[in-house]
Amino acid sequence: MKPVGFSTSPNVVLRLPMWRSRLMLFLLFVAFVALVIRAFWIQGPGNGFYEAKAVKGVQREIEMRATRGKILDRNGQLIATSLEAKAVIAYTDNIPANLAPEKITQLAKLLEMSEAEIKKRFADERNQVFLRRQVDPEIAQQIRRLEIPGIGLNNEYRRHYPEGEAMAHVVGFTNVEDRGQEGIELARDKDLAAQPGKRRVVVDRLGRIVNDIAILQFPQDGQDLQLSIDSKIQYIAYNALKSAVEKHRAKAGGAVVLDVRTGEILALANWPSYNPNSRKALTGEQLRNRVLTDTFEPGSTMKPFPVALALEQGKVQPETNMTIGQKLLVGPKPITDTHPYGMLTVSQVIQKSSNIGTAKLALQLEPREMWDLFAAVGFGQAPNIGFPGTVTGRLHPYQKWGQSDQARMSFGYGISTSLFQLARAYTIFARDGELVPTTILRSPDYKPGTRIITAKTAIEMRNMLETVTEQGGTALTARAEGFRVGGKTGTSHKVEGKGYASNKYRAIFVGLAPISAPRIVVAVMVDEPSVGGYFGGQVAAPVFSTIVSETLRSLNVSPDMNERTVVQAPELQPTTSTLQKVALKQ
Amino acid sequence: MNRATLSLLVLLLICALSLVTSQQKTRKLFVSLERAQAQERKLNQEWLRLEFEQRNLSKSARIRDVARNQLRMSPITPDRTLYFKEGL
C-alpha cells in the first residue's frame, strides 16, 4: 500500500468551514480587549475602591493627647493636677473560655473587684466593656504582665487633688470624662479643658507608625488657673472650723477669709467636706458649699450697718447715751435683750449687742436709706465671683417694710444672706468705708473700692467692733494674741417651718484684723451647735481667733498690740553687734 | 549617541539608589523623632508626677505633723518674739 502523507490523509484534508476559526480568533480578541479595558479601568478612573482599601490598611487616624490645665493656689502650689492613668478594657470575644482561674483571681485583686463581678463583665454581650477606669499606671503595668488575651489598656487621665478635703468645695472635681462637675473645675471648665488633637499616619504591618501624613487638628493643653486661695490659710481655716464643729457637735459650718486690700478670697472652708480624690457615697450635705450657697438670718452680725448709718447721718455719736429699758414694743412681739440694760452708749449697744438699742437707732432712719445701705453692701444680690451656685439672699423692698420689719431687720431678722455676702459687706469697715470687689482668681494688686460710708464712720465703727472683744464685750474669745481685732457676734434662731425653732441656733462671728490697719476680714458660721454653748461668742469667735492669729502670722503682718519692738534698725538687715545689743537688753 | 544613553542610564541608576537611601533615612529619622516625642511625653508625665509627689510631701497637714511630732517644734507666739522695725 502506498503510504499516505499526513497532509494528504483523507481524514485531515477534510475541510472545515473557514468561519469557525475566524469566530474563535474574534472571540479571543474580544476577551483580550475586555481584559485591557478592565486593567485600564482599575488603574485609572475606577481605582477609588482599591485605593481606599489600601489606605485603610496602612493609614490610621490617631489621637494626640492633651492635658487638662492645672489649678494652682496663689503661691503656685498645686491644688489640682492631671496624671496619666489607664482604662482597663475587656474585649469579650477574645477572652479564652478556658482562662486559668488564678489569672482571674490576680486580675480581681489588682482591680479591687470581686471575681464574680469580673466574670459577669466577661460574659457581657457587648464585645467591649470597661472593667475599670482611671487605674494607676503601676497597677496597669502589673495587669499587662498577666498577659491575659483580650484585656486592653487605654490611655486616659486622672485628676488628683493634693489638698484633699480641706479644699474640696473650692476646687470641686471632674468626672471620668475629664469634665468639671463642681466648684472651680465646673466654673472654669472651658479654660481648663484640653482639646485632644488628631493626626493621620502611615503604619506598617505591625502597627508601628512609619510616616506622618498630616496633622488634622493640633492638640491643645488646657490653661493653668491660679486661684486667690492660699492653701496654708485654707488649711488653717478648715482645721479651725472642723475642730469647732466637732467640739460643739454641730451640724455644719463655714468660714471665709478675705484680703481687705485686694478683695481676694484667701480661704473658703466648709464642713462637712469630702475627699475629692475618692468620691464614694457622696451626699448633698457634703457637697454643699455653705459659705456661698446657704442663706440664713444673720442675727446680730447685722447691727453694725444700721448703727453706722445712724452715725453717718449724724443722728448719734459713739458716746451718745441711750435709754434702753426692758423691752421695746414694736409689732406683734416685744423686742428684748438677753440682759436688761438701763442706759448704754451707742458704742456699748454694739459691744453688748443690744437688740433694743439697735432697733431704737434703726427706727430713727428712713426705710429707704436703710435699704439703700443694705443693697449697696451687697445684700440681696448674688456676689459676682465667677463661682457656681452663689445665692442672692433675701432683702425685701423697703416699700413693704412695716415698722416692726425695719426694727427686726436692724438686728438681722427678716433678712437673709450668705456668709460670703456678710464677710464682703464688712469690708466697708475694714477699708475705711469702701466696699471691695471680691474675686477667687489671683490678682494681688490693690483694688479701688466703692465708697459706701465716710472713713470717719468706718473708723468709729471699727473701734466699736474692737470693744466687742474687750472686757464687757460679747466675744472676749475672739481675741488673737498680739493683734488688735474687732468683730461682731451673732446668734440667730434657725427658721423651722413657719416660725423659729426655740432650740436650734446658728453661731456667727464676723470680724476684721488688725484694727490699726485692717488686712483681713474673717467670717465664721457654725450651724446647730449642741454641746458647750451656742452663742456666737462661745462657738464662732474662738474659730475666728485661731484663724486670725495664724493667718496674720502666715501673711507676715506684724502685731499691733503688746509688740516688743526692741530696736529701731536703720536698715532691715541687723548687724551682729545690734543683735548682741538686743540680747544684752533682754 | 550610545555613550550619552549609557551615561544617562548610570545617572538614572544613581538617582534611583539615592532615592532609596534618602527614603530609608527619612524613615529612620522619623522613627527616632517619634521615639523622642514619646520620650518627651513620658518625661513630661514624670515631671507632673514628681511635682505632685513633692506637693504631697509639702502639704500643710504634713508639715504641721512633722514639725509638732517629729521635730518637737511649737508655734511662735508674739510674747516671745522680737520685732525689728525698719526706720531711722
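From a predicted model like this one, the values you see are computed outputs, not experimental measurements.

What counts, and where the lines are drawn
- Residues numbered from 1 in each chain as written.
- Chains lettered and ligands numbered in written order.
- Predicted model: local features only at pLDDT ≥ 70, side-chain atom pairs only at ≥ 80, totals over all residues.
- Helix = DSSP H or I, 4+ residues; strand = E, 2+ residues; numbered from the N terminus.
- Rg over C-alpha atoms; globule rule 2.2 N^0.38 Å.
- Buried ≥ 20, exposed ≤ 12 C-beta atoms within 10 Å, placed from the backbone.
- pLDDT = per-residue confidence, 0-100.
- Pairing = 2+ DSSP bridges.
- Axes fitted to C-alpha atoms, helices over the stretch in contact; angles between N-to-C directions.
- Contact = placed C-beta atoms within 7 Å.
- Domains from an automatic or database assignment.
- Nonpolar A, V, L, I, M, F, W, Y, C, P; charged D, E, K, R; others polar.
- Parallel < 35°, antiparallel > 145°, perpendicular 65-115°, else oblique.
- Left-handed = near helix turned anticlockwise from the far one by under 90°.
- Core = buried A, V, L, I, M, F, W, Y, C linked by C-beta atoms within 7 Å.

Peer 1: Which parts of the structure should I look at to understand the overall build of chain A?
Peer 2: Scanning chain A from N- to C-terminus turns up 21 helices and 20 strands. Over its C-alpha atoms chain A spans a radius of gyration of 39 Å, topping by over 25% the 25 Å that the globule rule assigns to 586 residues. Seen along its three principal axes, the alpha-carbon backbone of chain A occupies a region of about 170 × 70 × 50 Å. Among the 586 residues that make up chain A, the fraction classed as buried is 41%.

Peer 1: I would appreciate a short explanation of the overall build of chain B in the present structure.
Peer 2: For chain B, the count of helices and strands is two helices and one strand. Each helix and strand of chain B, ordered N terminal to C terminal, gives the series α-α-β. For 88 residues, the compact-globule formula gives about 12 Å, and the C-alpha radius of gyration of chain B, at 34 Å, lies well above that figure. Judged by the C-alpha coordinates and their principal axes, chain B covers about 110 × 40 × 15 Å. A buried classification covers 1% of the 88 residues belonging to chain B.

Peer 1: Quick question: what am I supposed to make of the confidence of the model for chain B here?
Peer 2: Predicted coordinates in regions of low pLDDT should not be interpreted in detail. All names here are of chain B. Summary statistics for chain B give a mean pLDDT of 88 and a share of 94% for residues scoring 70 or more. Across chain B, helix α1 (residues 2–57) holds the top mean pLDDT of 92, while strand β1 (residues 83–86) sits lowest at 72. Among the prediction metrics, the complex's ipTM stands at 0.80, with pTM recorded as 0.83.

Peer 1: Help me understand the environment of Ile63(B) in this model?
Peer 2: Mapped onto the fold, Ile63(B) is located in helix α2 (residues 60–70). For the pair Ile63(B) and Leu6(B), spaced 57 residues apart in sequence, the C-alpha to C-alpha distance is 83 Å.

Peer 1: For this particular structure, what's the right way to read the sheet that holds strand β18 (residues 499–513) of chain A?
Peer 2: The strands that make up a sheet pair up through hydrogen bonds in the backbone, lying either parallel or antiparallel. All names here are of chain A. In spatial order, the strands read β10-β9-β19-β18-β17; together these five strands make up an open sheet with antiparallel pairing. Every interior strand has two partners, whereas the edge strands, β10 (265–271) and β17 (486–496), have only one. Each adjacent strand pair in this sheet contributes to an overall mean axis angle of 10 degrees, direction not counted. Across the sheet, helix α19 (residues 455–468) touches β17 and β18, and the angle it forms with β17 is around 75 degrees.

Peer 1: Please explain the domain arrangement of chain A as it appears in this structure.
Peer 2: When the parts come together, some accessible area is lost, and that loss is often what is quoted as the size of the interface. All names here are of chain A. Each domain of chain A was delimited in the assignment, giving domain 1 (62–226) and domain 2 (231–274 + 286–554). Relative placement of domain 1 and domain 2: their C-alpha centres are 46 Å apart. With 15 residues of domain 1 at the interface, the matching set in domain 2 holds 16 residues. Its residues placed into classes, the side of domain 1 that touches domain 2 shows seven nonpolar, three polar and five charged.

Peer 1: Mind showing me how you'd approach the sheet that holds strand β6 (residues 197–203) of chain A here?
Peer 2: Residue and element names in this part refer to chain A. What the three strands build is an open sheet, ordered β1-β6-β7; its pairing is antiparallel. Whereas interior strands pair on both sides, the edge strands pair on one side only; in this sheet they are β1 (59–64) and β7 (209–217). Neighbouring strand axes in the sheet, compared pairwise and without regard to direction, differ in orientation by 30 degrees on average. Looking at chain direction, β6 and β7 are connected through six bridges and run antiparallel. Across the sheet, Arg200 pairs through a bridge with Ala214, a residue of β7.

Peer 1: Hey, could you run me through the packing of helix α12 (residues 304–312) of chain A against helix α14 (residues 355–362) of chain A in this one?
Peer 2: Residues and elements named next belong to chain A. In contact at an axis separation of 9 Å, α12 and α14 are set at 45 degrees when each is read in the N-to-C sense. Relative to α14, the element α12 is oriented oblique. Note that α12 runs across α14; the crossing there is left-handed. Between α12 and α14, the contacting residues are Pro306, Val307 and Ala310 on the first element and Thr358, Leu361 and Ala362 on the second. When its residues are assigned to classes, the contact of α12 with α14 shows five nonpolar, one polar and no charged.

Peer 1: Got a minute to help me understand the environment of Gly46(A) in this structure?
Peer 2: Here Gly46(A) shows up in the loop between α1 (18–43) and α2 (48–58). Gly46(A) gets classed as exposed once you count the C-beta atoms within 10 Å, which come to 11.

Peer 1: In this structure, what is going on with the nonpolar core? I would like to understand it.
Peer 2: The nonpolar side chains of a soluble globular protein tend to be buried, and buried together. Residue and element names in this part refer to chain A. The biggest cluster of nonpolar side chains holds 118 residues, and the ones touching the most others in it are Ala237, Leu241, Val256, Ala523, Val524 and Ala540. No other element matches helix α9 (residues 231–247), which puts nine residues into this core. Residues Ala85, Val88, Leu131 and Ile151 belong to the second largest nonpolar core, which totals ten residues.

Peer 1: Explain the environment of Ile62(A) here, please?
Peer 2: Residue and element names in this part refer to chain A. Its location among the elements puts Ile62 in strand β1. What makes Ile62 partly exposed here is the crowd of 13 C-beta atoms within 10 Å. Along the chain, Ile62 and Ile215 lie 153 residues apart, while their C-alpha atoms are 9.6 Å from each other.

Peer 1: Help me understand unusual backbone geometry, please; the structure alone is not making it clear to me.
Peer 2: Excluding glycine, most residues fall at negative phi; most peptide bonds, likewise, are trans. All names here are of chain A. Geometrically, the link from Trp271 to Pro272 is a cis peptide bond, its omega value of 5 degrees lying close to zero. The residue Pro272 is located in the loop between β10 and α10 (284–287) in this model. For the peptide bond that leads from Ala513 to Pro514, omega is -20 degrees, which places it in the cis range. The residue Pro514 is located in the loop between β18 and β19 (520–527) in this model. Non-glycine residue Gln134 carries a positive phi angle of around 55 degrees. Positive phi values are uncommon outside glycine, yet Asp432 reaches one of about 55 degrees. Of note, Asp432 is situated in the loop between α18 (427–430) and β15 (434–435).

Peer 1: How do you make sense of the packing of helix α3 (residues 101–111) of chain A against helix α4 (residues 115–122) of chain A when you look at a structure like this?
Peer 2: Describing two packed helices takes the angle between their axes plus the distance from one axis to the other. All names here are of chain A. Interhelical geometry of α3 versus α4 gives an angle of 105 degrees and a closest axis separation of 9 Å. Classed by the angle they form, the pair α3 and α4 counts as roughly perpendicular. Contacts between α3 and α4 involve Ile104, Thr105, Leu107 and Ala108 from the first element and Glu115, Ile118 and Lys119 from the second. Of the residues in the contact of α3 with α4, the class split is four nonpolar, one polar and two charged.

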